[in-house]
Each structure stands twice: as structure tokens, then as C-alpha cells.
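Analysis of the macromolecular model
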Amino acid sequence: MKVLLIEDEAGFAHDVKTYLTSNDMTCEWANTIETTLENISLFEYDCILLDLSLPDGNGMKVLTELRKQNKTEGVIIISAKDTLETRLEGLQLGADDYLTKPFHLSELLARIQSLFRRKHFEGNNMLQLNEIQIDMMAKSVKVNDQLVEMTKKEFELILYLIANKNRILSKSSLAEHLSGDMAYMLDNHDFVYTHMKNLKKKLISAGSKDYIKTVYGLGYQWVM
């Protein structure tokens, strides 16, 4: 899961980023509206955590820009502002949730996970796709009730593919999802091919049909 944290308080941002990373999320940090708008124009995220009080303006501007760009990222506002008017404005501009500071990081994590499930998997913790069963909370995959051992990256990859089923995903978008904006610093994205090959092999060896299709010159696609 790839998260963009928009927060100007460095210490708090560090704590959030460290906690989310320790829970198997890729978390990038922006501390101004200007940096945020650049990031959302270049990258895609599963969730955006948005503070409203930023050095160069009101974070509500980010919601307006997301809507202008027809972006579908889930947004959770994290703010010390707790008036009814502010909460209503944020939700009406497209935010999915509003969490008032201070809060427990465990609650933030639970809300991010809940938002991801609602956006992609109709709110379910357990996914059943023909012979494949995925437990979101246990981070486990079974084929015909037999556990398939997967690495962290392979689990992230199968979730990303299924969340975008029937959509062709380029190698660069897969690299970005797995590595965040570090993907742009790599000489090539061959590691995507390696993870994809290993994932396909494990699923097929366990008795799954081959749902991962290579679209030559374009990328990969999960087809059911």
C-alpha cells in the first residue's frame, strides 16, 4: 500500500512514516502544497493523509486539485481543526475520512486499511477469487485451501494486480508501487519482471490458473 503523507511538522511526520513503514506500507512525505501538487501529478497513491495547516496555504486546495485531475486516491484529513464546518467542507470536497489530532497511530493504520478495502475490495478482509483466497489482515494467500508462501513484495504485487484487474499496468507503474519514488532513481525496472515471474510460478505451482498476462510492449494484466 502506497501512502502520501502531507504534514509540515517534521517530528510528527517522522513518527507516522516510521509506523506505517513498519506495517508494510510505502510512505512518502510532502510538507508543502507545492510539493504535494507535484507529487500527485507524477505519482499514484492508495491513500493520501492530508494536514490542513500548511506553510503555503490551506490543505483544502489539495482536495480541489485532486478533483480537477479526476484522481481517485482515497484521502484522510488529519488535522487539529475540529469544527463541524471544517469537517463538512473537507468531506464535501472529496475527503473520505477525517481524523482529529491528536490520535493513536494504530487508529490511523486501521482507517487507512479500511479505506483501502472499501476502495478496492468492497470492504472485505477476505477475498475469494475462484480458487485463490487472500486474507488481508494475515497477509496470506491460499490456492485451493493450501497456503502459498510469499514474500512481502509478492503479496503487495498480487493485491495491486487484483485491485486493478483487467487494467494493463506498465512496468514503471508497478515499479513505482513497489518502490515508491525511489523507482525513478533505478537504472532499470527488471526487478518487476523477477517478482512477477516468481509470483506467477508460485500460483501456478499451487494449482491456480494463470491470471497474470503479459501484454508485450505495455506491461502486465490480471485477467479473470
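These numbers were taken from a predicted model, which means no experiment stands behind them.

Description of the overall build of the chain
Helix and strand content of the chain: 8 helices and 13 strands. A compact globule built from 224 residues would reach a C-alpha radius of gyration of about 17 Å, and the chain, at 18 Å, matches this within 12%. A buried classification covers 46% of the 224 residues belonging to the chain. By sequence separation, contacts in the chain at least 24 residues apart represent 59% of the contacts at least 6 residues apart. Summed over all atoms, the accessible surface of the chain reaches about 11300 Å², with 50% contributed by carbon and sulfur. In the chain, the 26 positive side-chain charges and the 32 negative ones have mean positions that sit 6 Å from each other.

Observations concerning the domain arrangement of the chain
Domain parsing of the chain yields domain 1 (2-120) and domain 2 (126-222). Placing a centre on the C-alpha atoms of domain 1 and another on those of domain 2 gives a separation of 26 Å. Each side of the interface is counted separately: domain 1 has 12 residues, and domain 2 has 15 residues. For the pair domain 1 and domain 2, the summed buried area comes to about 1200 Å², and 51% of that belongs to carbon and sulfur atoms. Together, Lys 2, Asp 24 and Phe 43 form the three largest contributors to the area buried by domain 1 at its contact with domain 2, with a combined 36%. For Lys 152, the salt bridge is made with Asp 24, and the minimal N-O distance between the two is 3.9 Å. Across the contact surface, domain 1 and domain 2 share 0 residue pairs in polar contact (both at pLDDT 80 or more). Among the elements of the structure, β2 (26-30) and α5 (105-121) are those that each provide at least two residues to the side of domain 1 that touches domain 2. Looking at which element gives the most residues to the side of domain 1 that touches domain 2, the answer is α5, with 4 residues. A per-class count over the side of domain 1 that touches domain 2 returns 3 nonpolar, 3 polar and 6 charged.

Notes on the UniProt feature "domain: Response regulatory" (unreviewed entry) in the chain
Here, the residues flagged by UniProt with the feature "domain: Response regulatory" (unreviewed entry) are residues 2-116. For residues 2-116, helix accounts for 46% and strand for 24%, while the C-alpha atoms at its two ends are 10 Å apart.

Structural notes on the sheet that holds strand β11 (residues 146-148)
One open sheet holds the 4 strands; their spatial order is β8-β9-β10-β11, and the pairing between them is antiparallel. Each end of this open sheet is capped by a strand with a single partner; those strands are β8 (126-129) and β11. The mean angle between the axes of side-by-side strands here comes to 25 degrees, regardless of whether they run parallel or antiparallel. Taken together, the 4 bridges between β8 and strand β9 (residues 132-135) define a ladder with antiparallel strand orientation. Its bridge partner lying in β9, Gln 128 is registered against Gln 133.

Considerations on the pattern of salt bridges
Applying the stated criterion across every chain yields a total of 12 salt bridges. Put simply, Glu 7, Asp 51 and Lys 101 are held in one network by salt bridges that share partners.

Thresholds applied
Here, residues in each chain are numbered from 1, in the same order as that chain's written sequence. Under the rules for a predicted model, residues below a pLDDT of 70 receive no local features and side-chain atom pairs below 80 are neither given nor counted, while totals for whole chains, interfaces and linings still include all residues. Hydrogens and water molecules were not included; the side-chain quantities draw on all heavy atoms of the structure. Only DSSP runs of H or I reaching four residues or more are called helices, and only runs of E reaching two or more are called strands; each is numbered from the N terminus. It is over C-alpha atoms that the radius of gyration is taken, and the globule rule equals 2.2 Å times the number of residues to the power 0.38. Note on classification: 1.4 Å probe, protein chains only; a residue is buried when its accessible area is under 20% of the maximum for its type, exposed when over 50%, partly exposed between these limits. For this analysis, residues touch if any pair of their heavy atoms sits within 4.5 Å. The Shrake-Rupley method, run with a 1.4 Å probe, gives the accessible areas here. Residue values count only the displayed protein chains as cover. A residue counts as positive if it is Lys or Arg and as negative if it is Asp or Glu; His and the chain ends are not included. Every charge is mapped onto a representative atom, which is NZ of Lys, CZ of Arg, CG of Asp or CD of Glu. Each domain's extent is set by a domain assignment, obtained either automatically or from a database. By buried area we mean how much accessible surface two parts lose on assembly, using a 1.4 Å probe and totalling the loss over both. A side-chain nitrogen of Lys or Arg and a carboxyl oxygen of Asp or Glu constitute a salt bridge if their distance falls within 4 Å. The definition of a polar contact used here is a pair of N or O atoms within 3.5 Å, where within protein one atom must be able to donate a hydrogen and the other to accept one, and adjacent residues in sequence count solely through side-chain atom pairs. Each residue is assigned to one of three groups, with Ala, Val, Leu, Ile, Met, Phe, Trp, Tyr, Cys and Pro labelled nonpolar, Asp, Glu, Lys and Arg labelled charged, and all others, Gly among them, labelled polar. UniProt positions are given in the numbering used here, feature names are shortened, and annotations may be inferred rather than shown by experiment. What makes two strands pair is DSSP finding at least two bridges between them. Here an axis means a line fitted to C-alpha atoms, over the contact stretch when the element is a helix, while the angle between two N-to-C directions is reported on a 0 to 180 degree scale.

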